[in-house]
Protein chains: 2
Amino acid sequence: MKNNGPLLDYISKYIQLTQIEKEEFVSILTQTSVPRRSYLVKPGDTVNHIYYVLKGCLKAYYQDEMGNKHILQFAVEDWWITDFDAMHHKAPAALYIEAIEDSSVIGIDMRSLEILFVRIPKFERFFRILYTKAFIALRKRVMSSLQKSCADRYLEFCGKYPGIEKRVTNYHIANYLGVTAESLSRIRKELF
Amino acid sequence: MKNNGPLLDYISKYIQLTQIEKEEFVSILTQTSVPRRSYLVKPGDTVNHIYYVLKGCLKAYYQDEMGNKHILQFAVEDWWITDFDAMHHKAPAALYIEAIEDSSVIGIDMRSLEILFVRIPKFERFFRILYTKAFIALRKRVMSSLQKSCADRYLEFCGKYPGIEKRVTNYHIANYLGVTAESLSRIRKELF
């Protein structure tokens, strides 16, 4: 069953849409279930959608030639995820996006969104604010990785993704932070 | 002397402005000279502007309690720089933005820009595209720092900031990449 309510509520924090505009927006959305351990995106895929998480938890990661995984991002309810680089540059996906829990996402088709930008410029505003916030949050993460201790970065992570430390494994969080699982275990013991 | 030409040329790649719209935009710009080794922003400052670099080269860095500097960003001609986090959250600056060469920047006042967004929504489009590109470039940097070798990251840096390796010191680049100057020297010798 379609449930666009949470996404429309999210958007209404930033722009006010009329009923007709809402209907036009909803017409370009698709809802997808992503069972635990299955993939929303795989390397080589064509990526035409940006995904809003309705339910569940997903991770975006890169797997190098040695088979090592590097987690770039987690996404839980109310977060956005896709292979942004591939989508924007119309290049094949480089990332895996995999569900850690049974998940449900709403996909926005970028080609339809480009048309919507022209028809309803309020969406330019919404995505301008969304990308500005995403850019600033990512800069903060880069800044932290350059200068903060691992303990501080772990606490920042818990603040950024509240409750996620109970939903994903220690290994996942350590990978995201770029430390070993053993180091993270030690840090958690010292902190709590 | 005011020289808004390069910024207007830059913007015209993304949106088409009428003469009246250009004049309205230009009225919220201020041009500032930043002599080498002087500061555009210092920790504690109120940050109301985003800066477009007309000429020169600047670095944005954080200085930790031990006095160690951590370079977050360089900006040369046609790049943008500010303490985005402070500006967006109306918080005191945490970064230094210092000129590495005699520089000249155009500042856009954010409060005036917010008004312009309402009057001329094309600017929403321009900044939506600008922040999207900035977000994707920064994600690429995070991805590289997680999984690429230092040599690859150095080559990526040279591709991202063409010619900058001749304009800034080895120490600066090493600091930006998060490696020691000695490691970077060794890598450069192996590469070239």
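Every chain is numbered on its own, with residues counted from 1 as its sequence reads. The lettering of chains begins at A and the numbering of ligands begins at 1, in the order of writing. Note on the predicted model: pLDDT of at least 70 is required for a residue's local features to be given, and 80 or more for side-chain atom pairs to be given and counted; whole-chain, interface and lining totals, by contrast, use all residues. Only hydrogens and water are set aside when side-chain values are computed; all heavy atoms of the structure are taken into account.

Focus: the sheet that holds strand E4 (residues 58–63) of chain A
Two orientations exist for strands paired in a sheet by backbone hydrogen bonds: parallel and antiparallel. Residues and elements named next belong to chain A. Short version of the rule: In short, DSSP must find at least two bridges between two strands for them to pair. In this description a helix means any DSSP run of H or I spanning at least four residues, a strand means any run of E spanning at least two, and both kinds are numbered starting from the N terminus. Only the stretch in contact is used when fitting a helix axis, every axis being a line fitted to C-alpha atoms; angles between N-to-C directions are given from 0 to 180 degrees.
Within the open sheet, the four strands sit side by side as E2-E7-E4-E5. Their pairing is antiparallel. Looking along the sheet, the strands with just one partner apiece sit at the ends: strand E2 (39–41) and strand E5 (69–75). Adjacent strand axes in the sheet meet at a mean angle of 30 degrees when their direction is disregarded. The sheet contact formed by E4 and strand E7 (residues 96–99) spans four bridges and is antiparallel. From the neighbouring strand, Leu58 faces E7, where its bridge partner is Ala99.

Remarks on the relation of the copies chain A and chain B
Two chain copies here: they are related by a rotation about an axis and a translation along the same axis. The line we're drawing: The copies were overlaid with a least-squares fit restricted to C-alpha atoms from residues scoring a pLDDT of at least 70 in each copy. In what follows, a contact means two residues having at least one pair of non-hydrogen atoms within 4.5 Å.
Relative to chain B, chain A is turned by 180 degrees and slid 0.0 Å along the rotation axis, the superposed coordinates differing by an RMSD of 0.0 Å. The symmetry that links the two subunits is that of a two-fold axis. The position closest to the rotation axis in chain A is occupied by the C-alpha of Arg128 of chain A, lying 2.0 Å away. Residue by residue, 100% of the interface of chain A is reproduced at the interface of chain B, so both copies engage with the same surface.

Quick look at the environment of Ser12 of chain A
Inspection of the secondary structure puts Ser12 of chain A in helix H1 (residues 5–12). In sequence terms Ser12 of chain A and Phe126 of chain A are 114 residues apart; their C-alpha atoms lie 9.2 Å from each other.

Let's talk about the interface of chain A and chain B
Where the parts come together, the accessible area they lose is often given as the size of the interface. Selection rule: Buried area is understood as the total, over both parts, of accessible area removed when two parts are fitted together, assessed with a 1.4 Å probe. Within this document, salt bridges are pairs made up of a side-chain nitrogen of Lys or Arg and a carboxyl oxygen of Asp or Glu, the two lying within 4 Å of each other. Gly is put with the polar residues, along with every residue not named as nonpolar or charged; the nonpolar set is Ala, Val, Leu, Ile, Met, Phe, Trp, Tyr, Cys and Pro, and the charged set is Asp, Glu, Lys and Arg.
With 33 residues of chain A in contact, the opposing surface of chain B contributes 34 residues. Of the roughly 3500 Å² buried where chain A meets chain B, counting both sides, 70% is carbon and sulfur surface. Our enumeration of links across chain A and chain B arrives at six salt bridges. In this structure, Glu114 of chain A and Arg125 of chain B form a salt bridge, with 4.0 Å as the shortest nitrogen-oxygen distance. Examining the composition of the side of chain A that touches chain B, we find that 18 residues originate from one element, helix H5 (residues 122–147) of chain A, more than from any other. Classifying every residue of the side of chain A that touches chain B gives 17 nonpolar, seven polar and nine charged.

Looking at the packing of aromatic side chains
Each pair of aromatic rings is reported with the distance of its centres and the angle of its planes. Test applied: Two rings from Phe, Tyr or Trp (for Trp, the six-membered ring) form a pair when their centres sit within 6.5 Å of each other. Planes less than 30 degrees apart are called stacked, planes more than 60 degrees apart edge-to-face, and all others tilted. With a 1.4 Å probe rolled over the protein chains alone, any residue whose accessible area is under 20% of its type maximum counts as buried; one over 50% counts as exposed, and the rest are partly exposed.
For the coordinates displayed, the defined rule picks out 46 aromatic pairs over all chains. Look at Trp79 of chain A and Tyr161 of chain A: their rings are 4.5 Å apart centre to centre, the planes differ by 20 degrees, and that puts the pair in the stacked class. Here Tyr161 of chain A lies in the loop between helix H6 (150–160) and helix H7 (170–177) and Trp79 of chain A lies in the loop between E5 and strand E6 (80–81), a separation of 82 residues in the sequence. Of the residues examined, Tyr161 of chain A reaches a relative accessible area of 1% and is grouped as buried. Ring centres of Phe157 of chain B and Tyr176 of chain B lie 5.0 Å apart, and the angle between their planes is 55 degrees; this geometry places the pair in the tilted category. A residue pair is termed long-range when its members are at least 10 positions apart, and Phe157 of chain B in helix H6 (residues 150–160) and Tyr176 of chain B in helix H7 (residues 170–177) qualify at 19 residues.

Quick look at the confidence of the model for chain A
Worth spelling out the cut-off: Residue-level confidence of the predictor, termed pLDDT, takes values from 0 up to 100.
Overall, the predicted model of chain A reaches an average pLDDT of 93, with 99% of residues at or above 70. For this predicted complex, the interface score ipTM comes out at 0.91, alongside a pTM of 0.92.

A look at a nonpolar patch on the surface
All names here are of chain A. Worth spelling out the cut-off: The patches described consist of residues with a relative accessible area above 30% and no salt bridge, like charges being joined within 9 Å and nonpolar side chains (Val, Leu, Ile, Met, Phe, Trp, Tyr) within 5 Å. The protein chains shown are the only cover counted for residues, whose accessible areas, like all others here, come from Shrake-Rupley with a 1.4 Å probe.
Residues Leu155, Leu191 and Phe192 make up a contiguous nonpolar surface patch of about 310 Å² in total accessible area. Structurally, Phe192 is set in the segment after helix H8 (181–191). Phe192 gets classed as exposed once you look at its relative accessible area, which sits at 67%.

Examining H6 of chain A
All names here are of chain A. What counts is decided by this rule: Taking the helix axis as origin, the arc is that swept by the directions to the C-beta atoms.
When H6 is considered as a whole, its buried residues turn out to be Cys150, Arg153, Tyr154, Phe157 and Cys158. Within H6, the buried residues cover an arc of 140 degrees as seen down the axis, which keeps them to one side. Of the surrounding secondary structure, the elements contacted by the buried residues of H6 are E5, H5, H7 and H8.

Observations regarding the sheet that holds strand E1 (residues 29–34) of chain A
All names here are of chain A. One open sheet accounts for four strands, arranged E1-E8-E3-E6; its pairing is antiparallel. One side of each edge strand has no neighbouring strand; the edge strands of this open sheet are E1 and E6. Judged from the six bridges that link them, strand E3 (residues 49–55) and strand E8 (residues 103–109) form a sheet pairing that is antiparallel. The residue bridging Tyr51 from the neighbouring strand is Gly107, located in E8.

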